[in-house]
Amino acid sequence: MAPPSFRRLPALARWAGSAVLALAAALPLAARAADFPSRPITLVVPFPAGGTPDILARLMGDSIAKRLGQPLIVENRAGAGGNIGAQAVARAAPDGQTLLMCAFGCTVAPSLYQPAPYDIVKDFAPVAMIGTVPSVLVVNPKVPADTLPALLAYARANPGKLNSASSGIGGSAHLATELLKLRAGIDLAHIPYKGAGQVAADLLGGQVDMYFDNLPASLANIRAGKLRALAVASATRAPAIPDVPTFAEAGVPDFLITPWFGVMAPAGTPVPVLDTLHDAFDQALKSPEVAAKMRELGVETAPGTRADLARFVAAETVKWQGVIQANHIKAE
C-alpha cells in the first residue's frame, strides 16, 4: 500500500512520481544493454570438439565478433549427453555473456532423464535459430551393402550382427537407430559413445558398422569414399550429396530425423541483450562468407524471430517426449 504522503498527492503528481520510479527501475537494465557486451562472449558447446555443433559455432565466431566488438569464445563442455554444459549455462549469470549452442538433445533430455536435468522452456531464453542439417545413414565400406534395401536385407538375415553407434543415449543417432529398428523390423546392436569424434574414429576403423551422422561432420569422408552414404532422413535429398536417396525413396516411409542447432541464453537475460544477440547471429548467417560455408556443409539456415525458436523448441520437446515414452527409452 502506498504511504499516506503519496496518497495525498494530486493524481497527475502521483502519475509523474510513478513514472519517475519506473524509469529509475529501468535504468540499470538499459545501462546493461547499452554496455553489452563488456567482455568476450562464451558460447558453450555441450559436446566434444569435432561434431556439428562445434563446427557451426566456430564457423560463426569471427562474424559474430565483428558485429559485437568482442571475441566469441567456443568452450566445449561435454558430458552426460550434453547435460553438463547445458546445466552450466542455465546457472550462469543472465547477462548474455554466456550462451549455449543448443541441439537436438536439448529437447530430449527433459524426457530422457529422471529427474529432468533442466527445463528447456523455463531455464533458457531463445536467442537465434542457426539451422538444420540432414541426418545421413553412413556405413563403413566393409559392410556388405551398397544401398539401404541391401542393408536391411542383410540385417534381417543376420539379426544382431550389425551394430549402430551413437554419440550418446537419447541423441539423434540413438533415436534414429531405435526408429529404424521399429520401422524396418530389424535387430541392431546399439553402441553409445561419449562423443561424435570417438564414433567417427571407430567408424572409419571398421569397429563400428553404421552411424546416423549429421551431414556436415561426415561430408568430407563421404566425398573421399571413406564412408558410404545410404540414405538421408529428410523429406528431400540433400543438395550436398544429391545422389543419395531419402529413406522414403529407399523404401522406408515416414522416417524423418531433423538435427537442429540454436543459441540459447540463461532465463532472465534482459530482452534488449537478447535482441542484440539475435541480430548479431541473424546478420552473421546472412553474410555471404558464412552463408557460403553453410551451404557447402549442407546446413539449411533457418532465420527467424526469437519467438519462432521458442515455439519450435516447445513443439520438438512434446514430439520426442512421445517417441521416448512409446519406445521406453531411458538414459543409462
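Presented here is a report on the structure given in the accompanying data block. In this text, all values refer to a predicted model and were calculated from it rather than measured experimentally.

Some points on the sheet that holds strand β10 (residues 260-266)
Alright, step 1. Reading across the sheet, the six strands line up as β2-β1-β3-β10-β4-β11 and stay open at both edges, with mixed pairing between neighbours. The open sheet has two free edges, formed respectively by β2 (72-76) and β11 (300-301), since each of these has just one partner strand.
Alright, step 2. Sheet analysis places strand β1 (residues 41-45) next to β2, joined by five bridges and oriented parallel. The residue of β2 that forms the bridge with L43 is V74.
Alright, step 3. Running at roughly 5 degrees to strand β4 (residues 124-132), helix α10 (residues 271-286) makes contact with β1, β3 (98-103), β4, β10 and β11 of the sheet.

Regarding the sheet that holds strand β5 (residues 135-139)
Alright, step 1. Within the open sheet, the five strands sit side by side as β7-β6-β8-β5-β9. Their pairing is mixed. One side of each edge strand has no neighbouring strand; the edge strands of this open sheet are β7 (189-192) and β9 (228-232). For this sheet the average axis-to-axis angle between neighbouring strands, irrespective of direction, equals 30 degrees.
Alright, step 2. Judged from the four bridges that link them, β5 and β9 form a sheet pairing that is antiparallel. Opposite L137, over in β9, you have A231 as the bridge partner.
Alright, step 3. Helix-sheet contacts for helix α7 (residues 172-184) involve β6 (163-166), β7 and β8 (210-214), and the interaxial angle to β8 is about 130 degrees.

Observations regarding the state of the cysteines
Where two cysteines share a covalent bond between their sulfur atoms, that bond is called a disulfide.
Alright, step 1. Per the counting criterion, the structure on display carries one disulfide.
Alright, step 2. The disulfide partner of C102 is C106, and the gap between their sulfur atoms is 2.1 Å. Just as C102 is buried, C106 falls in that class too.

Side note on the environment of G50
Alright, step 1. Relative to the helices and strands, G50 is located in the loop between β1 and α3 (52-68).
Alright, step 2. The exposure class of G50 is partly exposed, given its relative accessible area of 46%.
Alright, step 3. A C-alpha to C-alpha distance of 9.6 Å links G50 and Q198, two positions 148 residues apart in sequence.

What about the nonpolar core?
Alright, step 1. One finds L148, L151, L180, F212, I241, F247 and F255 to be the most contacted residues of the largest nonpolar core, which totals 69 residues.
Alright, step 2. With six residues, α7 is the single largest residue contributor to this core.
Alright, step 3. If near-sequence neighbours (up to four positions away) are discounted, L151 is found in contact with L137, V139, V143, A145, L162, M210 and L230.
Alright, step 4. If you look at the next biggest cluster of nonpolar residues, it comprises 34 residues, including L43, L59, I64 and L72.

So, the packing of α10 against helix α11 (residues 288-297)
Each pair of packed helices can be described by the angle between their axes along with the distance between the axes.
Alright, step 1. Packing of α10 against α11 brings their axes to within 5 Å, and their N-to-C directions diverge by 70 degrees. Accordingly, the angle class assigned to the pair α10 and α11 is roughly perpendicular. Here α10 contributes A284, L285 and K286 to the contact with α11, which in turn contributes P288, V290, A291 and M294.

Overview of the side chain of D213
Alright, step 1. Among the secondary structure elements, D213 is positioned in strand β8.
Alright, step 2. One buried charged side chain, D213, makes no salt bridge at all; its nearest oppositely charged neighbour is R223, positioned 13 Å away.
Alright, step 3. Of note is the side chain of D213, whose polar atom sits 2.4 Å from the side chain of S218.
Alright, step 4. Apart from residues no more than four positions distant in its own chain, D213 is found in contact with P134, S135, V136, V138 and S218.

About the criteria used
Residue numbering note: each chain is counted from 1, following its sequence as written. Local features in a predicted model are, by the rule used here, given only for residues with pLDDT of at least 70; side-chain atom pairs are given and counted only at 80 or more, and totals for whole chains, interfaces and linings are based on all residues. Processing note: side-chain calculations cover all non-hydrogen atoms of the structure and skip hydrogens and water entirely. Pairing between strands is defined by DSSP: at least two bridges between the two strands are required. Put simply, DSSP marks the helices as runs of H or I at least four residues long and the strands as runs of E at least two long, and each gets a number from the N terminus on. The contact rule is simple, with two residues in contact once any of their heavy atoms fall within 4.5 Å. Axis definition: a line fitted to C-alpha atoms, limited for helices to the stretch in contact. Angles are taken between N-to-C directions and run from 0 to 180 degrees. Note on terminology: pairs of cysteine sulfur atoms within 2.5 Å are recorded as disulfides. Three labels apply to residues, based on accessible area from a 1.4 Å probe with only protein chains included: buried if under 20% of the type maximum, exposed if over 50%, partly exposed otherwise in between. Remark: nonpolar core denotes a set of buried residues (Ala, Val, Leu, Ile, Met, Phe, Trp, Tyr, Cys) joined through side-chain atoms within 4.5 Å. Roughly parallel here means an angle under 35 degrees, roughly antiparallel means over 145, roughly perpendicular means 65 to 115, and every remaining angle is called oblique. Positive charges come from Lys and Arg, negative ones from Asp and Glu, while His and the chain ends are left out of the count. Each reported salt bridge corresponds to a side-chain nitrogen of Lys or Arg within 4 Å of a carboxyl oxygen of Asp or Glu. In the analysis that follows, any N or O atom pair within 3.5 Å is treated as a polar contact, provided that within protein one partner can donate a hydrogen and the other can accept it, and provided that, for residues neighboring in sequence, both atoms belong to side chains.

Just geometry here; none of it tells us what the structure is for.
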